[in-house]
Amino acid sequence: MVGIGYRKEFSKEFLYDHKIHPDFVEVAPENWLGVGGYWKQEFKKVREKYPLFLHGLSLSIGSPEGVDIDFVKKIKAFIEETGAVLYSEHLSFSKVDNAHLYDLLPIPFTQDAIDRVVENILIVQDLLGRRLILENASYYTLLKQEISEPEFINEIVRRSDCEMLLDVNNVYVNSFNHHYDAKEFISKMPLERVKYIHIAGHFKVNEHLIIDTHGAEIIDPVYDLLDFTLQKLQREVPILLERDFNIPELEVLESEMTQLRNIQNKVLNPMIV
Amino acid sequence: MNAILNPTEKSQIHFGQYIRSGKNPPKTTVSDNTHHYRELVYSVIMDTMSNAYPILKNFLNAKEWENAVQYFFENHKSQTEQIWKLPFEFYEFYLENPFPTKKIIPFLNELMYFEWLEIEVFMMEDLEFLPFSEKGNPKTDVLIPNPEIKILPLQYPIHNKATKKITEKDKGQYFVSLHRDYYDKQVKFNELSLPFVEMLVLLNEQETTFIDLYPILKKYESDSEKISEQILEFIRFALENNLILGYKKTRN
Ligand SMILES: [Fe+2]
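Not measured: the values here are computed from a predicted model.

### Describing the overall build of chain B
Stage number 1. Scanning chain B from N- to C-terminus turns up nine helices and six strands.
Stage number 2. Counting only C-alpha atoms and orienting by the principal axes, one finds that chain B spans roughly 80 × 50 × 35 Å.
Stage number 3. Nonlocal contacts in chain B, meaning residues at least 24 apart in sequence, comprise 60% of its contacts between residues at least 6 apart.
Stage number 4. Only carbon and sulfur atoms are counted for the fraction: they give 51% of the accessible area of chain B, which is about 13200 Å².
Stage number 5. Taken as two groups, the 29 positive and 36 negative side-chain charges of chain B have centres that lie 5 Å from each other.

Structure (structure tokens):
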């Protein structure tokens, strides 16, 4: 299965022009919660056509002040109301000092942070009555680092019993920015826990820095990393193409999705291809 | 939160304060990259406010606009999880706090509220629509209003005059309605007279027919024929502009 992030920017073409054929769509619940009128109608049409995956932005699982219970309840109601297939979030924080910051900030890789994140995840999972699926974040710098990122992720997954959204572009971006081997990193992930994969393009600022913009086409090394990941997984996991800015003609996105399907087929059905 | 913070928590709070203020960056593992977070967040906030308040932004010069957004972001702790609702907090913040410009803007609050309402009316949850028929008798049938409407009283004509040209001479009493069109779901504006406002309010408060509107106009006009004409004119205008959806369905 290959899906795409549904964006208001291409809604009309998406719904009526049949230029693109995803197996599912993903949206951020924060953009649709409590929305009526025109967008409620469009969103309903989208849901009638495609299975819905949710990918949240504001849960802030790494918040030192804990998670917002009322917000989690709203998310739960939204999952039920929309019949979403799954709900995923980010292993990051976006709220601190009682203020939302509307960006995904990297959690320090420390033991104290792990303790806090695990506690937060357990509360959320208890309220939702399901496991959280958390995405490995991209980061440009860290506030503190006592342990490695794989250790950080593995301990959180093990102790909270949560699941994982593996964003292969984020792995690529981090491996470039922080000079490590992306494949080695993926090998260290709790792969049996991976329920969902993200892939996207990014923006290379200079020789030292890539910013994870979701604003460009996927580059070959990232396709290659997906291939490697699927070889390791040896099972079908839904893959999402993320494109949030600088949106091209839908045909371009369709051809990217075709390439993703080809990789998936090649790895999972090697005899057929 | 625990009274005693551990170093991880302290660093996260410091980071948040830096991102909001742009001042006193924390030490991080790649200090050259710390500023990217401040810039990424600030540009998201700036875009959100610029899209929500195009008239205010255009009225101010670039520096004043930047100051207004920065002062808000630094001194306000954003509460909504849904960033499209943040412009409402911007409006509320400047009801309570002095706007950081030298010039006094007498219509500031009403302009901000007017711009916010356009977003709110477009995005708000659906209200219940009573069943209605487009055909009916304006003189006898119950009129069914469009409930998805906000009526805004104004002291300055910000809705129809370029803000840079508004002076104290324009001060007066104006009413603007913003409603979500039943058919295309877009936001439409109407300038209304006070009697029209009173009639619309009544329609939204109780089942109303032609005759119920009579006492409202009686306050402004004594000639009963003229009153009838004005009520019919109101109904025609309200139907045409989708402020009234139609007539209550009568059972056959
Ligand atoms: Fe992602």
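There is more to say after this.
### Brief notes about the coordination of the iron ion
All names here are of chain A.
Stage number 1. Glu135 (OE), Asp167 (OD), His198 (ND1) and Glu242 (OE) make up the full set of protein donors to the iron ion, lying at 2.2 to 2.7 Å.
Stage number 2. Each of the four donor atoms bound to the iron ion contributes to angles spanning 77 to 151 degrees, and the resulting shape is irregular.
Stage number 3. Binding-site remark: the iron ion is held by donors from one chain whose sequence spacing is E-x31-D-x30-H-x43-E. One end of the pair, Glu135, is in strand S7 (residues 133-135); the other, His198, is in strand S9 (residues 194-200), with 63 residues separating them in the sequence.
Stage number 4. Of the residues examined, Glu135 reaches a relative accessible area of 3% and is grouped as buried.
Stage number 5. Judged by relative accessible area, which is 0%, His198 ranks as buried.

### Digging into the pattern of salt bridges
Stage number 1. Going through the model one piece at a time under the given rule, you end up with 34 salt bridges over all chains.
Stage number 2. As a salt-bridge pair, Glu9 of chain B and Arg116 of chain A come within 3.7 Å of each other at their nearest N and O atoms. Here the residue Glu9 of chain B occupies a position in helix H1 (residues 7-21), and Arg116 of chain A occupies one in helix H4 (residues 111-128), the pair thus bridging two chains. Comparing Glu9 of chain B with Arg116 of chain A shows no difference in burial state: the two are buried.
Stage number 3. For Lys219 of chain B, the salt bridge goes to Glu198 of chain B, with nearest N and O atoms at 2.4 Å. One end of the pair, Lys219 of chain B, is in the loop between helix H8 (210-218) and helix H9 (224-240); the other, Glu198 of chain B, is in helix H7 (residues 194-205), with 21 residues separating them in the sequence.
Stage number 4. What emerges from the salt-bridge pattern is a single network uniting Arg131, Asp161, Glu163, Arg193 and Lys195 of chain A.

### Some thoughts on the domain arrangement of chain B
Stage number 1. Here chain B is partitioned into domain 1 (7-103) and domain 2 (129-248).
Stage number 2. Summarising the inter-unit geometry, the C-alpha centres of domain 1 of chain B and domain 2 of chain B are found 39 Å apart.

### Observations regarding the side chain of Glu42 of chain A
All names here are of chain A.
Stage number 1. As for its placement among the helices and strands, Glu42 is situated in helix H2 (residues 37-49).
Stage number 2. A distance of 3.0 Å separates the side chain of Glu42 from the side chain of Lys45, its partner in a polar contact.
Stage number 3. Once you skip the residues sitting within four places of it in the chain, Glu42 turns out to touch Tyr6, Ser11, Leu15 and Tyr16.

### A short note on the packing of H4 of chain A against helix H5 (residues 149-160) of chain A
Residues and elements named next belong to chain A.
Stage number 1. It is at 9 Å that the axes of H4 and H5 come closest, and there the two elements cross at 35 degrees. Remark: the crossing between H4 and H5 carries right-handed chirality. Residue-level contacts link Gln111, Ala113, Ile114, Asp115, Val117, Val118, Ile121, Leu122 and Gln125 of H4 to Phe152, Glu155, Ile156, Arg159 and Ser160 of H5.
Stage number 2. Tallied by class, the residues present in the contact of H4 with H5 amount to eight nonpolar, three polar and three charged.

Conventions adopted
- Residues numbered from 1 in each chain as written.
- Chains lettered and ligands numbered in written order.
- Predicted model: local features only at pLDDT ≥ 70, side-chain atom pairs only at ≥ 80, totals over all residues.
- Heavy atoms only, no water.
- Helix = DSSP H or I, 4+ residues; strand = E, 2+ residues; numbered from the N terminus.
- Contact = heavy atoms within 4.5 Å.
- Areas by Shrake-Rupley, 256 points an atom, 1.4 Å probe, with all protein chains shown as cover.
- Lys, Arg positive; Asp, Glu negative; His and termini not counted.
- Charge placed at Lys NZ, Arg CZ, Asp CG, Glu CD.
- Donors = N, O, S within 2.8 Å, 3.2 Å for Na, K, Ca; no water.
- Tetrahedral: all angles 85-135°; square planar, octahedral: opposite > 155°, others 65-115°.
- Buried < 20%, exposed > 50% of the residue type's maximum accessible area, 1.4 Å probe, protein only.
- Salt bridge = Lys/Arg side-chain N within 4 Å of Asp/Glu carboxyl O.
- Domains from an automatic or database assignment.
- Polar contact = N/O pair within 3.5 Å; in protein donor to acceptor, adjacent residues only side chain to side chain.
- Axes fitted to C-alpha atoms, helices over the stretch in contact; angles between N-to-C directions.
- Left-handed = near helix turned anticlockwise from the far one by under 90°.
- Nonpolar A, V, L, I, M, F, W, Y, C, P; charged D, E, K, R; others polar.

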